[in-house]
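If you want the building blocks of each chain, they are given just below.
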Amino acid sequence: MSLTDRERALLALIREAPLSTPEELARRLGTSRAAVNVHVSNLIRKGALLGRGYVVAPENEARVVVVGGANVDVKARTLAPAVMGTSNPGTTTQAPGGVARNIAENLARLGVRTHLIAAVGRDAPGDLLLRETEAAGVDVRSVLRLDAPTGTYTAVLDDRGELLIAVAAMEVTEALTPAALNERRGLLHRATSVIADGNLSAQTLTHLLTLCAEAGVPVTFEPVSVPKATRLLPALQAGLAPHTLTPNVAELAALLGRDVADTPGALRKAAGDLHARGVQTVWVRRGERGSLLSGPDGMAELPALPAQVVDVTGAGDAMLAAYLAALLGGHSPAEAARHGHAAAALTVESACAVSPTLTPGAVRARLQSPRP
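What counts and what doesn't
Residues numbered from 1 in each chain as written. Predicted model: local features only at pLDDT ≥ 70, side-chain atom pairs only at ≥ 80, totals over all residues. Heavy atoms only, no water. 1 Å grid on protein atoms, 1.4 Å probe; cavity = no way out; pocket = protein on both sides within 12 Å on 5 of 7 lines; lining within 4 Å. Points joined across faces, edges and corners; volume = space filled by probe spheres on them. Helix = DSSP H or I, 4+ residues; strand = E, 2+ residues; numbered from the N terminus. Nonpolar A, V, L, I, M, F, W, Y, C, P; charged D, E, K, R; others polar. Patch = residues over 30% accessible without salt bridge, like charges linked within 9 Å, V, L, I, M, F, W, Y side chains within 5 Å. Areas by Shrake-Rupley, 256 points an atom, 1.4 Å probe, with all protein chains shown as cover. Salt bridge = Lys/Arg side-chain N within 4 Å of Asp/Glu carboxyl O. Buried < 20%, exposed > 50% of the residue type's maximum accessible area, 1.4 Å probe, protein only. Pairing = 2+ DSSP bridges. Axes fitted to C-alpha atoms, helices over the stretch in contact; angles between N-to-C directions. UniProt positions renumbered as here; feature names shortened; annotations may be inferred. Phe/Tyr/Trp six-rings, centres within 6.5 Å; stacked < 30°, edge-to-face > 60°. Lys NZ or Arg CZ within 6 Å of the ring centre and 35° of its normal. Contact = heavy atoms within 4.5 Å. Parallel < 35°, antiparallel > 145°, perpendicular 65-115°, else oblique. Polar contact = N/O pair within 3.5 Å; in protein donor to acceptor, adjacent residues only side chain to side chain.

- Looking at an unreviewed UniProt entry, one finds the chain named Pseudouridine kinase, with Deinococcus aluminii as its source organism.

Have a look at this one:
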C-alpha cells in the first residue's frame, strides 16, 4: 500500500529520531499533534509502523503473520487408563494455547520475526495470553481486545497423554471479521508469509486469501479439525487456494468430500486433486506413521521421529512452525518437513503445548540423534 508525501516525511523523521514525542514530530513536520496521530494510525494500518511506540518495520527481514485462535488451554489428564462414563482420578493444568498462538510462539522461539492477529477478551485470561505470548517474542500489537470472554480449549487426555476428547469455546474469534483484517491490511501485505488456522470463519478466510493474493503473499492453511477444515471450501470454489495445506487424513477427506484411505497411494491421489485446485504444497500428517509431503518438487514420505510421549497437544503446531522456519532458512521442503518432525517429537515430550526447550539448536540435535 502506497504512502502519501506527508506520511513519507513523518516516517523519515521517525527513522531519524524514533524516540521523538508526537509534539516534537508535529513541530518538525509543521503540523498539529492531532494530525501526527492520524498519520501514525495510517502508517500502522499500512504496515510501515508496527505500533504506536514508533517501531519502524524492517524492510528486508522475513516476517510471518499468524491469524486465528488464541485461547487458554485447560488440560485434564487421567492417572490411569480412562474409564468412559464415570469420574476418573487425574490432574488439571491451565496454560496459554490456541493453534495460531501456539504456531506464533513456536516460530518466535525458532528465531522468526512473528506477528499474531487474534482476538481475546479484556479479562484476566486475555491478559495472561498476551503477556506470556509477548514474553516468548511474538508481536501481539495487532491482537483485538474485546468485551467478551477469552476463548478456552478444554482437552481430556488419558494416562499416556493421548487425546480422548476436546471442547473448544472460541466465540471471541468471530471478531476476526473481514473489516478487522482490512484494518491490518498493511501488516498482511508486508508479510513474507501468512499462516491461517481453521478458527477463522469461511468469510474471513476467503477475505484473508484475497488480501494476500493482492500482494503475492503465500498463505498456509492449518485446518485445526474436521468441521473447521470445510471452512476453506468456499475459497477453493472461488479459485482462492492457499499455497500450502497441512491436514491430517480425516481433514484431507473433509476438504475433498470423500473418504481417503491412510495409504501412500490414496494420499498421493488426494494431494493431486488439491494441486489441481491450485494448492502448491500438501503436507498430510499421519501421526505415528509420519507424514506425506506433496509439492512442486515431487512427493516424499517422512517417518515420525521416536519420542517418549508426555502430551500430544501442540505437536502439529510445532511441526508447522519448524517447517516454515526451516523453509525461510533456505532448506528444501522435504528437509524442512524433517525439521517439523523433530519439533513435534520435542513437543510431545513436554507437558506444555509449546515446548520451553524448543530452539533451532534443539531441532538440529534431534535430527542428528533422533532417539530420546
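## Observations concerning the layout of surface pockets
Phase 1 of the analysis: Roughly 1,400 Å³ of volume is contained in the largest pocket.
Phase 2 of the analysis: Val312, Thr313, Gly314, Ala315 and Gly316 are the residues nearest the centre of the largest pocket, which is lined by 46 residues in total.
Phase 3 of the analysis: Elements with a contribution of two residues or more to the lining of the largest pocket: strand 2 (71-78), helix 4 (99-109), strand 8 (163-169), helix 9 (226-229), helix 11 (249-256), helix 13 (315-328) and helix 14 (333-348).
Phase 4 of the analysis: Considering only residue class, the lining of the largest pocket consists of 23 nonpolar, 13 polar and 10 charged.
Phase 5 of the analysis: The computed volume of the second largest pocket comes to approximately 310 Å³.
Phase 6 of the analysis: Around the second largest pocket sit 20 residues that line it, and His243, Thr281, Tyr323, Leu327 and Pro333 are the ones nearest its centre.
Phase 7 of the analysis: Of all the elements in the fold, those that place two or more residues in the lining of the second largest pocket are strand 10 (219-222), strand 13 (291-295), strand 14 (298-302), helix 13 and helix 14.
Phase 8 of the analysis: Its residues placed into classes, the lining of the second largest pocket shows 11 nonpolar, eight polar and one charged.

## Focus on a nonpolar patch on the surface
Phase 1 of the analysis: On the surface, Met84, Leu164 and Ile165 cluster together to form a nonpolar patch covering roughly 330 Å² of accessible area.
Phase 2 of the analysis: On the secondary structure map, Leu164 appears in strand 8.
Phase 3 of the analysis: Taking the relative accessible area as the measure of exposure, Leu164 reaches 37% and is therefore partly exposed.

## A word on the sheet that holds strand 7 (residues 151-157)
Phase 1 of the analysis: Strand order in the open sheet made by the four strands is 3-2-7-8, with mixed pairing throughout. For this open sheet the edge positions go to strand 3 (90-97) and strand 8, each flanked by a neighbour on one side alone. Averaged over neighbouring strand pairs, the angle between their axes works out to 15 degrees when direction is ignored.
Phase 2 of the analysis: Examined bridge by bridge, strand 7 and strand 8 share six bridges and lie antiparallel to one another. When the sheet's bridge partners are listed, Leu157 is paired in strand 8 with Leu163.

## Quick look at the pattern of salt bridges
Phase 1 of the analysis: As enumerated under the stated definition, the model contains 16 salt bridges in all.
Phase 2 of the analysis: Its salt-bridge partner being Asp273, residue Lys269 comes within 3.6 Å of it at the nearest N-O pair. With Lys269 and Asp273 both in helix 12 (residues 264-275) and four residues apart, the pair spans about one turn of that helix.
Phase 3 of the analysis: Between Glu349 and Arg366 there is a salt bridge, with the nearest N and O atoms lying 2.8 Å from each other. Of this pair, Glu349 sits in the loop between helix 14 and helix 15 (360-368) while Arg366 sits in helix 15, and the two are 17 residues apart along the sequence.

## What to know about the UniProt feature "domain: Carbohydrate kinase PfkB" (unreviewed entry) in the chain
Phase 1 of the analysis: In the UniProt entry, the feature "domain: Carbohydrate kinase PfkB" (unreviewed entry) is given for residues 63-355.
Phase 2 of the analysis: Along residues 63-355 one finds 37% helix and 25% strand; the C-alpha atoms at either end are 22 Å apart.

## Observations concerning the pairing of strand 1 (residues 63-67)
Phase 1 of the analysis: Burial of strand 1 is extensive: five of the five residues sit out of reach of the surface.
Phase 2 of the analysis: Side chains of strand 1 alternate between two faces, with Arg63, Val65 and Val67 and Val64 and Val66 buried alike.
Phase 3 of the analysis: Pairing of strand 1 with strand 9 (residues 193-197) involves four bridges; the strand directions are parallel. The partner of Val66 across the bridge, within strand 9, is Ile195.

## Notes on the packing of aromatic side chains
What describes a pair of aromatic rings is the distance from one ring centre to the other and the angle between the planes of the rings.
Phase 1 of the analysis: All chains considered together, the criterion is met by one aromatic pair.
Phase 2 of the analysis: For the pair Trp283 and Tyr323, a centre-to-centre distance of 4.8 Å together with 35 degrees between the ring planes defines the contact as tilted. A residue pair is termed long-range when its members are at least 10 positions apart, and Trp283 in strand 12 (residues 281-285) and Tyr323 in helix 13 qualify at 40 residues. In this structure, Trp283 and Tyr323 share a single accessibility class: buried.
Phase 3 of the analysis: Just above the ring of Trp283 sits the side chain of Arg285; from NZ or CZ to the centre is 5.1 Å.

## Things to note about the sheet that holds strand 11 (residues 244-245)
Phase 1 of the analysis: Judged by pairing direction, the sheet is mixed, and its eight strands sit side by side in the order 4-1-9-10-11-12-13-14 without closing on themselves. The open sheet is flanked by strand 4 (113-117) and strand 14, the only strands paired with a single partner.
Phase 2 of the analysis: The pairing of strand 11 with strand 12 spans two bridges and is parallel. Across the sheet, residue Thr244 finds its bridge partner in strand 12, namely Thr281.
Phase 3 of the analysis: In the packing of helix 13 onto the sheet, the strands contacted are strand 1, strand 9, strand 10, strand 12 and strand 13, and the crossing angle to strand 12 comes to about 145 degrees.

## A look at the packing of helix 14 against helix 15
Phase 1 of the analysis: Taken N-terminus to C-terminus, the directions of helix 14 and helix 15 make an angle of 100 degrees; their axes are 9 Å apart at the nearest point. Relative to helix 15, the element helix 14 lies roughly perpendicular. Of helix 15, the residues touching helix 14 (which contributes Glu335, Arg338, His339, Ala342, Ala343, Ala345 and Leu346) are Ala362, Val363, Arg366 and Leu367.

## What about the side chain of Ser291?
Phase 1 of the analysis: In this fold, Ser291 is placed in strand 13.
Phase 2 of the analysis: One polar contact links Ser291 to Trp283, side chain to side chain, over a distance of 2.8 Å.
Phase 3 of the analysis: When sequence neighbours within four positions are dropped, the list of residues in contact with Ser291 reads Trp283, Val284, Arg285, Arg286, Ala300, Glu301, Leu302 and His341.

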